[in-house]
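# Fold and contact review
Take a look at the letters that make up each chain.
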Amino acid sequence: MSFIKIITIVLFIVAAIGILIVNRNYGFQTYTVNGSKPVENGIWGILGAMVSAAFAFGGTELVGITAGEAANPSKSVPRAINGTFWRIAIFYFSTIFLIGLILSSKQLADLAVIGGLDKSPFVFTLKAAGIDFASELINFVALVAVVSAANSSVYACSRTMMSLCQSGKGPAFLGKNDKRGVPFLQTVIVATLGFAVFFITLVPASEQDIRAGHDAFDLLVGCVGACILMIWTMISISHIRFRAALQAQGIPLSELIYVSPVGVVGDYIAIIINVSALFFSGTATFFADPSKFNIVDFLDAYIILLAYPILYFAYKFTYNTKIVSLTEVDFVTGVQLKRDVVEIEEPPKSFFGKLLDLVA
């Protein structure tokens, strides 16, 4: 499924570059054509869109969950982390940049209001390149992408549920696996709940609500995007504490199998960006133009944020937990240091096997 998505994105990039070479009407002039602006709604527009952007980028944190089941994590996890960075840089940013050179902000806004697959920026670009079956192609790839995302989400959520229940933060029976060591029951529960969410599309919404972005799907996107930003923030806080505990206990970084190339500096930058996005997501429209303030948008942005402190402090006060001091952080139980790693010999792969690994 990843292979299909990557091939389609590569096709799109090639088609977009071909359009820019052949048709001189496209290019950086689309930033200002017909009254468009390079940044249509200024800094507030950027901040207001960051929660939706987080929804699109969500899933990069799954590498930490998969590490527990990787056959050779000392090799596969660093490779996955580095590969994720470059795939985002190449495929996400390049497609966004190319769309901006072909479609003006006014055209993109019109397409967003009209909606429908035929008005997708990808379909518009591919049809401009002479690919008449673009609608069918993107429809197929969108279906594959949904299944792929659902597959990753079911995997991650079932493993998270299992881990929480094994540590006493949920029903004990959901912490057990089957004879193969697979969290089968948890997977069934997660998949069933995920499938049930699709019935939200049956909830009728007026055309006015849809145009204003008040349909159920947009509400879910906002909630999930905010959750992802909170998860990333807690990952950064955990890493800062992790590095501080290493230093407090005199454990050198050379003992680690993988070391973040930007250290805790990247964590502080990430925290600032994530918290800013969470705070301004519901108020960006108000700051940009107070007359456009909408209570529905405000609640969409912030209602999910109440869940985190409620759950955190409810658990903390119920079980009277304390923050572990840096000198007492456990770096022994279940930890494998660099000197203890046993390298697993991987069978040699053919040229096509290596190519498939590189792409998919």
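Residues numbered from 1 in each chain as written. Predicted model: local features only at pLDDT ≥ 70, side-chain atom pairs only at ≥ 80, totals over all residues. Heavy atoms only, no water.

The protein chain is annotated in an unreviewed UniProt entry as Amino acid permease/ SLC12A domain-containing protein from Boothiomyces macroporosus. UniProt lists a comment for the protein chain under the heading Subcellular location (unreviewed entry), and it reads "Membrane". (UniProt positions renumbered as here; feature names shortened; annotations may be inferred.)

Our next topic: the overall build of the protein chain. Along its length, the protein chain carries 15 helices and zero strands. When the 360 residues of the protein chain are sorted by exposure, 26% land in the buried category. For the protein chain, the share of sequence-separated contacts (at least 6 apart) that also reach a separation of at least 24 residues comes to 69%. Carbon together with sulfur atoms contributes 69% to the accessible area of the protein chain, which is approximately 23100 Å² in total. (Helix = DSSP H or I, 4+ residues; strand = E, 2+ residues; numbered from the N terminus. Buried < 20%, exposed > 50% of the residue type's maximum accessible area, 1.4 Å probe, protein only. Contact = heavy atoms within 4.5 Å. Areas by Shrake-Rupley, 256 points an atom, 1.4 Å probe, with all protein chains shown as cover.)

With that settled, the discussion passes to a nonpolar patch on the surface. A surface patch of nonpolar side chains, amounting to about 580 Å² of accessible area, comprises Val-146, Phe-195, Phe-198, Phe-199 and Leu-202. Within the secondary structure, Phe-199 is located in the loop between α8 (184-197) and α9 (207-211). (Patch = residues over 30% accessible without salt bridge, like charges linked within 9 Å, V, L, I, M, F, W, Y side chains within 5 Å. Salt bridge = Lys/Arg side-chain N within 4 Å of Asp/Glu carboxyl O.)

What follows covers the packing of aromatic side chains. Think of a pair of aromatic rings as described by two things: how far the centres are apart, and how the planes are tilted against each other in angle. In this structure the tally under the stated criterion is ten aromatic pairs. Each ring, one from Tyr-315 and one from Tyr-319, has its centre 4.6 Å from the other, and the planes form 40 degrees; the classification is tilted. Taken together, the residues span about one helical turn, with Tyr-315 and Tyr-319 both in helix α14 (residues 307-319) at a distance of four residues. What makes Tyr-315 partly exposed here is its relative accessible area of 29%. Counting every residue linked through ring pairs, the aromatic cluster contains Phe-28, Tyr-31 and Phe-97. (Phe/Tyr/Trp six-rings, centres within 6.5 Å; stacked < 30°, edge-to-face > 60°.)

It is worth spelling out the pattern of salt bridges at this point. One pass over the structure, following the stated rule, counts one salt bridge. Across the pair Asp-178 and Arg-180 runs a salt bridge whose closest N-O atoms are separated by 2.8 Å. On the basis of relative accessible area, Asp-178 is assigned to the partly exposed category, the value being 26%.

Another point: unusual backbone geometry. Unlike most non-glycine residues, Asn-320 shows phi in positive territory, near 55 degrees. Tracing the sequence through the fold places Asn-320 in the loop between α14 and α15 (351-359). Overall, the relative accessible area of 54% leaves Asn-320 in the exposed class.

For the rest of this paragraph, the subject is the packing of helix α2 (residues 42-57) against helix α11 (residues 263-280). Following both chains from N to C, one finds α2 and α11 inclined at 95 degrees, their axes separated by 8 Å at the closest point. The angle between α2 and α11 falls in the class roughly perpendicular. Counting all contacts with α2, which are made through Trp-44, Leu-47, Met-50 and Val-51, the residues of α11 involved are Ile-273, Ala-277 and Phe-280. (Axes fitted to C-alpha atoms, helices over the stretch in contact; angles between N-to-C directions. Parallel < 35°, antiparallel > 145°, perpendicular 65-115°, else oblique.)

Note that Gln-107 resides in helix α5 (residues 105-114). Overall, Gln-107 belongs to the partly exposed group, its relative accessible area being 33%. Residues Gln-107 and Asn-34, spaced 73 residues apart in sequence, show a C-alpha to C-alpha distance of 9.7 Å. With near-sequence residues (within four places) excluded, Gln-107 lies in contact with Ile-102 and Phe-124.

On to the UniProt feature "transmembrane region" (unreviewed entry) in the protein chain. Residues annotated by UniProt as "transmembrane region" (unreviewed entry) correspond here to residues 7-23, 43-63, 84-103, 137-157, 184-204, 216-235, 256-281 and 293-315. Taken as a whole, residues 7-23 contains 94% helix and 0% strand, while its terminal C-alpha atoms sit 24 Å from one another. The annotated region residues 84-103 carries 95% helix and 0% strand content, and the separation between its end C-alpha atoms amounts to 27 Å.

Another point: the environment of Asp-330. Here Asp-330 shows up in the loop between α14 and α15. Taking C-alpha positions, Asp-330 is 9.2 Å from Ala-245, a pair spaced 85 residues apart along the chain.

Let us look at α2. Structural remark: α-helix, 3.6 residues per turn; residues separated by three or four positions point the same way. For α2, built from 16 residues, the straight-helix expectation of 22 Å at 1.5 Å per residue is met to within 8% by its first-to-last C-alpha distance of 22 Å. Roughly 40 degrees is the biggest bend found in α2, and it falls at Met-50. When α2 is considered as a whole, its buried residues turn out to be Leu-47, Val-51 and Ala-54. Downstream of α2 by one or two residues, Gly-59 has phi in the positive range, about 115 degrees. (Expected span 1.5 Å × (residues − 1). Bend = angle between axes of the 7 residues up to and from the residue.)

Before going further, it helps to examine the packing of helix α6 (residues 121-128) against helix α7 (residues 134-166). Direction vectors running N to C along α6 and α7 enclose 140 degrees, while the axes themselves pass 9 Å from each other. As α6 runs across α7, the sense of the crossing is right-handed. When α6 is examined against α7, the residues Phe-122, Val-123, Leu-126 and Lys-127 are found in contact with a partner set consisting of Ala-134, Ser-135, Leu-137 and Ile-138. When grouped by side-chain class, the residues that make up the contact of α6 with α7 number six nonpolar, one polar and one charged. (Left-handed = near helix turned anticlockwise from the far one by under 90°. Nonpolar A, V, L, I, M, F, W, Y, C, P; charged D, E, K, R; others polar.)

Judged by nonpolar contacts, the single largest core of 20 residues is most densely connected at Phe-12, Ile-13, Leu-20, Leu-98, Ile-102 and Leu-126. For this core, the elements supplying multiple residues, two or more each, are α1 (2-22), α4 (73-102), α6 and α7. Counting residues per element, this core draws most heavily on α1, which supplies seven residues. Core analysis: the second largest hydrophobic core is formed by twelve residues, Ala-226, Ala-277, Leu-278 and Tyr-302 among them. (Core = buried A, V, L, I, M, F, W, Y, C linked by side-chain atoms within 4.5 Å.)

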